[in-house]
Amino acid sequence: MKFNRWLHSERSITITTVVGCPNMCPYCPQDIVKSVYLSRGGSPSLDLNDYYGYLQKIPTGVKVIFGGFGEPWCHPKCTEMVLAAHSAGHKIDVYTSLVGMKIEDVYILKAIPFESSFTVHLPDDNGQTKIRLDQNYLEVLRAIGAAGIRHLHFDLRQDGPAPVSLPPAVAQAIGSLPVGISRCHTWGGLVGDVTPKILKSWLPLRGCPRFYRNVLLPNGDVALCCWDMGMQHIIGNLKDSDYESLFQSNEFKRIKSGFCRRDPDILCSRCDSPMRQILGLSIPPAYRPVVRFLYERVRKLKVF
Ligand code: SF4
């Protein structure tokens, strides 16, 4: 039980302020996001009154992340939403490409003590991440770098084996600040094939930490996790019900039992998230008996 308590100890909800992102990076399934969401009904932009209603239902122990299935600052009230979540006592993190952010937003945001990550997704010079390098963008980027924002990370996405590099104007704007590189994935096979080794899991995992790191859409629907861009698993709706009922829903129960059985109808069975790989899937075969032994020692049989 202790292992699974640890596995599911951190809860967060990622707010999608606007469905769809203008950057349209080729490795991101934005077309699928938009068409699936619009077919479910609801405005692509989060209504401010709805947001305050959702926020009231989210327990303060649940971290609020601004990111999700679109670019958060394409919503003109995104900074106001961040402030409201902070005032309500939530821990806050951000994942943004800065598109839509204004210089005034930076002055307000620098006062927020971000909990573990304010990640800025940067454009590259290789045509993989496309962000318009206009004057406003470069000014905001410079200001973000200079603002002393807590837990600021710059992130470049690499799709394929070829290395990516920064456009000179971007490199100049961020100066000597470090930039991390993360690999693209397939969102469970939404873009490209999932490598077979991920399907052949050998560790008897009973859950994923992301079961409780869900994504809120403007219409109140809550998707399982940030891998679920095809919205295959909507576990409930915060307009119609409260936060805890998300985890009592039939869909959530179906995911939990499907996870253990490696049910091919469950997104988790095709998942190529780094989290899932860290939890054992990419450990070389020679080490697996040891890891499995340790795993069995730390978990109790009754998991959920
Ligand atoms: S296994 Fe993958 S799809 Fe399933 S909850 Fe975890 S991150 Fe999401």
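Basis of the calculations
- Residues numbered from 1 in each chain as written.
- Predicted model: local features only at pLDDT ≥ 70, side-chain atom pairs only at ≥ 80, totals over all residues.
- Helix = DSSP H or I, 4+ residues; strand = E, 2+ residues; numbered from the N terminus.
- Buried ≥ 20, exposed ≤ 12 C-beta atoms within 10 Å, placed from the backbone.
- Contact = placed C-beta atoms within 7 Å.
- pLDDT = per-residue confidence, 0-100.
- Near = placed C-beta within 6 Å.
- Nonpolar A, V, L, I, M, F, W, Y, C, P; charged D, E, K, R; others polar.
- Core = buried A, V, L, I, M, F, W, Y, C linked by C-beta atoms within 7 Å.
- Pairing = 2+ DSSP bridges.
- Axes fitted to C-alpha atoms, helices over the stretch in contact; angles between N-to-C directions.

Caption draft 1: Here's a closer look at the overall build of the chain. Of regular secondary structure, the chain possesses 11 helices and 9 strands. Expressed as a percentage of its 304 residues, the buried residues of the chain come to 35%. Sequence-distant contacts, at least 24 apart, represent 76% of the contacts inside the chain between residues at least 6 apart.

Caption draft 2: View of the confidence of the model for the chain. Averaged over every residue, the pLDDT of the chain is 87; the share at 70 or more is 85%. Segment residues 300–304 is flagged for pLDDT under 50; beyond a separation of four residues in sequence, or across chains, it makes 7 contacts in the model.

Caption draft 3: Inspection of the site of the ligand at higher detail. Close to the ligand lie 13 residues, the nearest being C208, R210, C225, C268 and C271. Looking at side-chain class alone, the shell around the ligand contains 9 nonpolar, 2 polar and 2 charged residues.

Caption draft 4: Just the nonpolar core, in detail. Among the nonpolar cores identified, the biggest contains 67 residues, and L98, V140, I144, V215, L216 and V222 are the most heavily contacted of them. Setting aside residues up to four positions removed in sequence, V215 forms contacts with T14, T16, G68, F69, V222, A223, C225, C226 and D228.

Caption draft 5: Region of the structure containing the sheet that holds strand β6 (residues 179–183). With mixed pairing, 9 strands are arranged side by side in an open sheet as β6-β5-β4-β3-β2-β1-β7-β8-β9. In the strand order of this sheet, the two ends are held by β6 and β9 (234–237), each with one partner. With direction set aside, neighbouring strand axes in the sheet form an average angle of 25 degrees. Examined bridge by bridge, strand β1 (residues 12–15) and strand β2 (residues 63–66) share 4 bridges and lie parallel to one another. Residue pairing for β2: T14 is matched across the bridge by I65.

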